[in-house]
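The chain contents come next:
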Amino acid sequence: MSWWRTLWSPTAAVRGLRAAVLVPALFAFSLLVIKSPQVATFTAFGGFASLVLASFGGTRRDRAVAHTMLTAVGAVLIVIGTLVSHSVVAAAVVAAVAAFTSYFAAVIGPNDASGAAAAMLPYMLAA
């Protein structure tokens, strides 16, 4: 049973449990209350990106600012992805620019680096 202790991470368990509870609840709320399949899809992917892919650190305020900025960047990337979704070439070119910008912004700090991959998910879904 000692092999289990090397694999067990309380932090990962809390993140997984949080995502396992919140993402389906937000998906159901979007689908049943708001009655919009598109919003439900973006809610599920956004919740997964924010709760699983991004692991923000720091104080509670630092994490709140990081999640707020991830939401703002995700909203902008959804708009951009929707605008270029009519052309595969345009979507690919803008994806390269968005990926470079997102990963280059990771040099700002650890929270920015943590949110770089999560920021690309809304663009990919929209494009």
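Cut-off values and rules
- Residues numbered from 1 in each chain as written.
- Predicted model: local features only at pLDDT ≥ 70, side-chain atom pairs only at ≥ 80, totals over all residues.
- Heavy atoms only, no water.
- UniProt positions renumbered as here; feature names shortened; annotations may be inferred.
- Helix = DSSP H or I, 4+ residues; strand = E, 2+ residues; numbered from the N terminus.
- Axes fitted to C-alpha atoms, helices over the stretch in contact; angles between N-to-C directions.
- Parallel < 35°, antiparallel > 145°, perpendicular 65-115°, else oblique.
- Left-handed = near helix turned anticlockwise from the far one by under 90°.
- Contact = heavy atoms within 4.5 Å.
- Nonpolar A, V, L, I, M, F, W, Y, C, P; charged D, E, K, R; others polar.

By the naming in an unreviewed UniProt entry, the chain goes by FUSC family protein and is assigned to Catellatospora aurea.

Asker: How do you make sense of the UniProt feature "transmembrane region" (unreviewed entry) in the chain when you look at a structure like this?
Answerer: When the UniProt feature table is mapped onto this chain, "transmembrane region" (unreviewed entry) is found at residues 12-33, 39-57, 64-83 and 89-108. The annotated region residues 12-33 carries 100% helix and 0% strand content, and the separation between its end C-alpha atoms amounts to 31 Å. Within residues 64-83, the helical portion is 100% and the strand portion 0%, while the C-alpha atoms at the span's ends are 29 Å from each other.

Asker: Where do I start with the packing of helix α3 (residues 37-53) against helix α7 (residues 116-126) in this structure?
Answerer: Any two packed helices are characterised by the angle at which their axes cross and by the distance between the axes. Contact pair α3 / α7: the axes reach a minimum separation of 9 Å and the direction vectors enclose 165 degrees. By the angle class used here, α3 and α7 are roughly antiparallel. Viewed along their axes, α3 and α7 form a crossing whose handedness is right-handed. Where α3 approaches α7, its residues Thr 41, Phe 42, Phe 45, Phe 48, Ala 49 and Leu 53 are matched on the opposing element by Ala 117, Ala 118, Leu 121, Pro 122, Leu 125 and Ala 126. Among the residues forming the contact of α3 with α7, the class breakdown is eleven nonpolar, one polar and no charged.

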